[in-house]
Amino acid sequence: MVKVNCKVNGEKRTLRAHSMARLLDVLREEAQLTGTKEGCGEGECGACSVFLNGELVMSCLIPVMQAEGAEIRTIEGIADGNTLHAVQQAFLTHGGAQCGICTPGMIMAAVALLKKTPNPTEADVRTGLAGNLCRCTGYMKIFDSVLKAVQGAAP
Amino acid sequence: MDRPQALIGRAIERKEGRDKVTGRAKYIDDITFPGLIHGTTVRSPVARGRIRGITYEGNIPWDEFTIVTAKDVPGENHVALLMNDQPLLADGFVNHPEEPIVLLAHPDKYLLEEARRRVKVDIEPWPAVFTIEDSLARKVLIWGQDNIFKSYLVEKGNTEAVWANADVIVEGEYFTGAQEQLYIENNGVVAIANAEDGVTVWGSLQCPYYVHKGLIPIFKLPDDKVRIIQTETGGGFGGKEEYPTIIAGHAALLALKSGKPVKIIYDRAEDMAATTKRHPARTRHRTAVSKEGKLLAQEIDFVIDGGAYCTLSPVVLSRGTIHSAGPYYCPNVRVSAQAVATNTPPHGAFRGFGAPQSIFALERHMDKIAHRLGLTPEEFRRRNFIKDGETTATGQVVKDKVDMQALLTKALALSNYHAKREVFPEQNLRSKKKKGIGFAAFMHGSGFTGSGEKYLSSVVGIEGTALGKVRVLAASTEIGQGTNTIFAQIAGDALGVDSAAIEVAQPDTKFVPNSGPTVASRTVMVVGKLVETAAIGLKQTLVQSGLLHEGYTTLQFEEAVAAYVKKFGQLKAFSQYKQPPDINWDDAKYQGDAYGAYAWAVYVAEVSVDTVTYDTHVDNFVALQEIGKVMHPVFAAGQIEGGVAQGIGFALYEKVIWKDGRMINNQMTNYIMPTAADVPPIHVFFEEEPYSCGPSGAKGIGELPMDGPAPAILNAIENATGLSLNHVPLLPEDMMEAIHG
């Protein structure tokens, strides 16, 4: 077992983990942040997406030792208290979430996209979310949600 | 009244949506218990054979493990479904790869996985069967007397009298492959079991009472000692219809033996290799047509591959059989259908349930006949569309006020079909990318087939809480499609209150009545109607008690509920399904009213086929359907869009590669489902022709969108390339072969 010091959603944490554990498991089991999901365990589906030092990563592919000294943000750290992030609110209003299992990762990917591209076209959204699989929506309502989140955030 | 607007027909907020977008929703793997240990499954490495022995090897502390085999099953070692041929754990013999043989449990997941690899099962291989053709040829008998789980014969008129004098006879053969449901949340359960309390299972599942029914004989327990609770479920699509009984039974066996809570969560590779998929199918058509383009006789031979055990194959076969003649009138029809055994893991429920297979064949065949007659696909269908008062293949008189002509006209206009049909051939002369447009016309029956709903006799309850809320009690599960929200809309409108006054109980067999399985496009139409009548009953009780007076606000209603509960202890109303008197079905002859209502649709696909890369892309998609009533515009469109994307996957991306009965591409890396970059714009349009027995006129739509995309896409490919291709999935390598022969 090793101890990993990091910041999770703004809070300093010391996480105990098997040295070969995946960041995904440590977040879910040790930090008890179960909003991050496992869909495939091989970096295909994006359900486990989190921010590691500001970069969107798939936490199933990150050995936990890489989190030493890092800042991590998960879906639990996206809303501002009880106020949803514009992307979360748009997913809720415009049908971006159905079964909800891909939703945390999809929202993380959408937030990452809007950080880099604040006014995306639909083509940007398609490319930006192409690493996150959704089996329920056929993606239409997800595209719609992301584009509406931008409109909602505009003055 | 403080409710100016009805809830039904409006896009109200998803009941559990806030928990889903914040990550707070608890799925099965998010749940734990003190002392919980993990379970895993040792599976058969071969397709068929006799188990000679099991050895536990390696440097593993085996005494720390809970080990379960068939001899540990306290009751009957089978999965209770239509037949009891499938063992919960193989006992001496295996019939498919990945068949479960040994269960292990241990607190340490990592050690558990190492141990699983060290269990060696010695199996003497027996000859096995892997294809429909070999199963039908019966060179090896692997199931019963003839390898056949079920056959049906549907006869209308007399096809035999037609062939001799028919102007034109057109034959065709069509194939559809297996398809993985690929819910993003894998199968998983947690079980607690002991002699005193019985068995409790939490799980990702569609049908709590199926699991309940399945575990009773396995554990020899009375009904009230088996309790099944559905946790938030990350997609089902049929894949969590019958399968969860197996994983629930396994976890409960380990829990009983270890005395500890046991969690089994499949990883993706195990879920894809070991659990059910859509039945592969072969459909042959022989059709007699007059010079004028009228259908005279349809002979349809429909065969599906059921895998190693019967499971739900007879019911899948039934739906596929009934839908095989489509939305057309033909005076003489003969459908013979068979579900056959092969040594692959059992195929099972998947959205559409046999209909996507037989409709693919029919709608490709309709284009083929049109070409043979020199008619356009549009014109040939127009001459044969079924009308109100005419009979389907099972002799059902259509009463839906269906207007397929108008539906087709509108769908073709919305997709700009005629203009594209005109310009694409011209453009294609100058391009390596060949564009085409095609369509499919079809219908999908809502609810269980025939007398199925009568046998289910579903019950819904509704109760008042001490805080004045009203709670819907049903076993129908929320799996993403919007059950919670739509039940709140229906109950809210029946009671005349806001949706915030309505709660929907977590499906838990200890507290909710059996409203039937969450399958067959039945939750809104059948169960929703029961929610409505139960709510009306509850309101009557309140009014009769004198605590509620007409013209009330939501707040006054809540006060009345709270006052009633305080005064009388409880406020409950129930409603049970009664078959409408005009539905008649003959199970023996397979004739009559197959479904209470059908949703009707025309889907148009526009494709481009790259003759350099052999890639086929769907560029645009129009989905027009008549569904009775749009209950929630965002959810309804979401259902269709999601189904169309799955249909596109079925047609162009999703290929299960088999080797000796085992799926060998059991990863998301090499089994490809459509991504955000692959799907075309999907334009969804609804027509509403209310169904008298559905809540606010609603019919079922869950499965409908799975039926149309594959034939529409292959019809479009033929328009683009002139290639008549009759199997799906059609991947670039298949296209390469088709182009170069």
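Residues numbered from 1 in each chain as written. Chains lettered and ligands numbered in written order. Predicted model: local features only at pLDDT ≥ 70, side-chain atom pairs only at ≥ 80, totals over all residues.

1. Quick look at the overall build of chain A
From N to C terminus, chain A includes 5 helices and 5 strands. When the helices and strands of chain A are read in sequence order from the N terminus, they spell out β-β-α-β-β-β-α-α-α-α. Relative to a compact globule of 155 residues, whose C-alpha radius of gyration would be 15 Å, chain A shows 15 Å and is just as compact. A principal-axis box enclosing the C-alpha atoms of chain A has dimensions of 45 × 30 × 25 Å. Residue burial in chain A is summarised as follows: out of 155 residues, 59% are buried. Within chain A, residue pairs in contact and separated by at least 24 positions form 57% of the contacts whose partners lie at least 6 positions apart. (Helix = DSSP H or I, 4+ residues; strand = E, 2+ residues; numbered from the N terminus. Rg over C-alpha atoms; globule rule 2.2 N^0.38 Å. Buried ≥ 20, exposed ≤ 12 C-beta atoms within 10 Å, placed from the backbone. Contact = placed C-beta atoms within 7 Å.)

2. So, the overall build of chain B
The number of helices and strands found in chain B is 19 helices and 28 strands. Against the globule reference of 27 Å for 741 residues, chain B gives a C-alpha radius of gyration of 26 Å, in line with a compact fold. Sequence separation of 24 or more characterises 81% of the internal contacts of chain B that already satisfy a separation of 6 or more.

3. A look at the interface of chain A and chain B
How big an interface is tends to be stated in terms of accessible area lost as the parts join. Taken together, the contacts link 40 residues of chain A with 42 residues of chain B. Mapped onto the side of chain A that touches chain B, the elements with two or more residues apiece are helix H2 (86–94), helix H3 (103–116), helix H4 (122–128) and helix H5 (140–153) of chain A. Looking at the side of chain A that touches chain B element by element, the count peaks at 4 residues for H2 of chain A. Per-class residue counts for the side of chain A that touches chain B are 20 nonpolar, 14 polar and 6 charged. (Nonpolar A, V, L, I, M, F, W, Y, C, P; charged D, E, K, R; others polar.)

4. Description of the sheet that holds strand E24 (residues 616–626) of chain B
All names here are of chain B. Reading across from one edge, E16-E23-E24-E27 is the order of the 4 strands in this open sheet, with mixed pairing throughout. The open sheet is flanked by strand E16 (433–446) and strand E27 (682–687), the only strands paired with a single partner. Pairwise comparison of adjacent strand axes, ignoring direction, gives a mean angle of 15 degrees for this sheet. Pairing analysis gives 14 bridges linking E16 to strand E23 (residues 597–610), with the strands arranged antiparallel. Bridge pairing in E23 links Ser446 to Ala597. (Pairing = 2+ DSSP bridges. Axes fitted to C-alpha atoms, helices over the stretch in contact; angles between N-to-C directions.)

5. Quick look at the pairing of strand E13 (residues 281–289) of chain B
All names here are of chain B. Burial runs high along E13: 7 of the 9 residues are buried. Alignment of strand E8 (residues 168–176) against E13, held across 9 bridges, turns out to be antiparallel. Within E13, the position partnered with Phe175 by the bridge is Arg282. Inspection of the sheet shows E13 paired to strand E14 (residues 295–307) by 9 bridges, in the antiparallel sense. Looking at the pairing, Thr283 lines up with Phe302 of E14. Linking two consecutive strands that pair antiparallel, namely E13 and E14, is a turn of 5 residues; a positive phi of about 85 degrees is found at Gly293 within it.

6. Considerations on the pairing of strand E20 (residues 571–576) of chain B
Taken residue by residue, a regular strand's side chains alternate between the two faces of the sheet. Residue and element names in this part refer to chain B. Because side chains alternate across E20, one face comprises the buried residues Leu571, Ala573 and Ser575, and the other comprises Lys572, Phe574 and Gln576, none of which is buried. Bridge count for strand E17 (residues 459–464) against E20 is 6 bridges, and the pairing is antiparallel. Bridging across to E20, Gly461 finds its partner in Phe574.

7. Let's talk about the packing of helix H8 (residues 355–373) of chain B against helix H18 (residues 709–721) of chain B
All names here are of chain B. Packing of H8 against H18 brings their axes to within 8 Å, and their N-to-C directions diverge by 30 degrees. Taken together, H8 and H18 sit at an angle that is classed as roughly parallel. Here H8 runs over H18; the crossing is right-handed. From H8, Pro356, Ile359, Phe360, Glu363, Arg364 and Asp367 reach across to H18, where they touch Ala710, Pro711, Leu714, Asn715 and Glu718. For the contact of H8 with H18, the class distribution of residues is 6 nonpolar, 1 polar and 4 charged. (Parallel < 35°, antiparallel > 145°, perpendicular 65-115°, else oblique. Left-handed = near helix turned anticlockwise from the far one by under 90°.)

8. As for helix H13 (residues 483–495) of chain B
If you check H13 of chain B, its first and last C-alpha atoms are 18 Å apart, about what 13 residues at 1.5 Å a residue would give, namely 18 Å. Of the residues one or two after H13 of chain B, Gly496 of chain B is the one with positive phi, at around 70 degrees. (Expected span 1.5 Å × (residues − 1).)

9. Digging into the sheet that holds E13 of chain B
Residue and element names in this part refer to chain B. Pairing in this open sheet of 6 strands is mixed, and the strands run E7-E15-E14-E13-E8-E28 from one edge to the other. Every interior strand has two partners, whereas the edge strands, strand E7 (148–156) and strand E28 (727–728), have only one. Across 2 bridges, the pairing between E8 and E28 is parallel. Within E28, the residue paired with Thr176 across the bridge is Val728.

10. What to know about the packing of helix H7 (residues 313–323) of chain B against H8 of chain B
Residues and elements named next belong to chain B. The geometry of H7 relative to H8 is characterised by a closest axis approach of 7 Å and an angle of 25 degrees between their N-to-C directions. With respect to H8, the axis of H7 lies roughly parallel. Crossing hand, H7 versus H8: right-handed. Between H7 and H8, the residues in contact are Arg319, Gly320 and His323 and Ala355, Gln357, Ser358 and Ile359, respectively. Among the residues making up the contact of H7 with H8, the classes are represented as 2 nonpolar, 4 polar and 1 charged.

11. What to know about H18 of chain B
Residues and elements named next belong to chain B. Its 13 residues place the ends of H18 18 Å apart at the C-alpha level, agreeing with the 18 Å of an ideal helix rising 1.5 Å per residue. Buried residues dominate H18, accounting for 13 of its 13 residues. Within two residues after H18, Gly722 carries a phi angle of roughly 80 degrees, on the positive side.

12. Quick word on the environment of Leu103 of chain B
Residues and elements named next belong to chain B. Relative to the helices and strands, Leu103 resides in strand E5 (residues 100–106). A residue is classified by how many C-beta atoms lie within 10 Å of it, and Leu103, with 26 of them, is buried. C-alpha separation for the pair Leu103 and Ala251, spaced 148 residues apart in sequence, amounts to 8.5 Å. Those residues in contact with Leu103 that lie beyond four places of it in its chain are Gly39, Thr41, Val68, His250, Leu253 and Leu254.

13. Observations concerning unusual backbone geometry
With omega at 0 degrees, the peptide bond leading from Val728 of chain B into Pro729 of chain B counts as cis. Of note in this structure, Tyr139 of chain A is not a glycine but carries a positive phi near 70 degrees. Since 27 C-beta atoms lie within 10 Å of it, Tyr139 of chain A is described here as buried. A positive phi is found at Glu98 of chain B, a non-glycine position, where the angle reads about 70 degrees.

14. What to know about the environment of Gly23 of chain B
Topologically, Gly23 of chain B is positioned in the loop between helix H1 (17–22) and strand E1 (37–43). Residues contacting Gly23 of chain B, with those up to four places away along its chain left out, are Gly35, Ile75, Glu76 and Pro104 of chain A.

15. Details of the environment of Val46 of chain B
Residue and element names in this part refer to chain B. Mapped onto the secondary structure, Val46 falls in the loop between E1 and strand E2 (49–56). By the C-beta count within 10 Å, which is 20 here, Val46 ends up buried. On a C-alpha basis, the gap between Val46 and Asp508 in space is 38 Å, while along the polypeptide they are 462 residues apart. With near-sequence residues (within four places) excluded, Val46 lies in contact with Val94, Pro97, Ile123 and Pro125.

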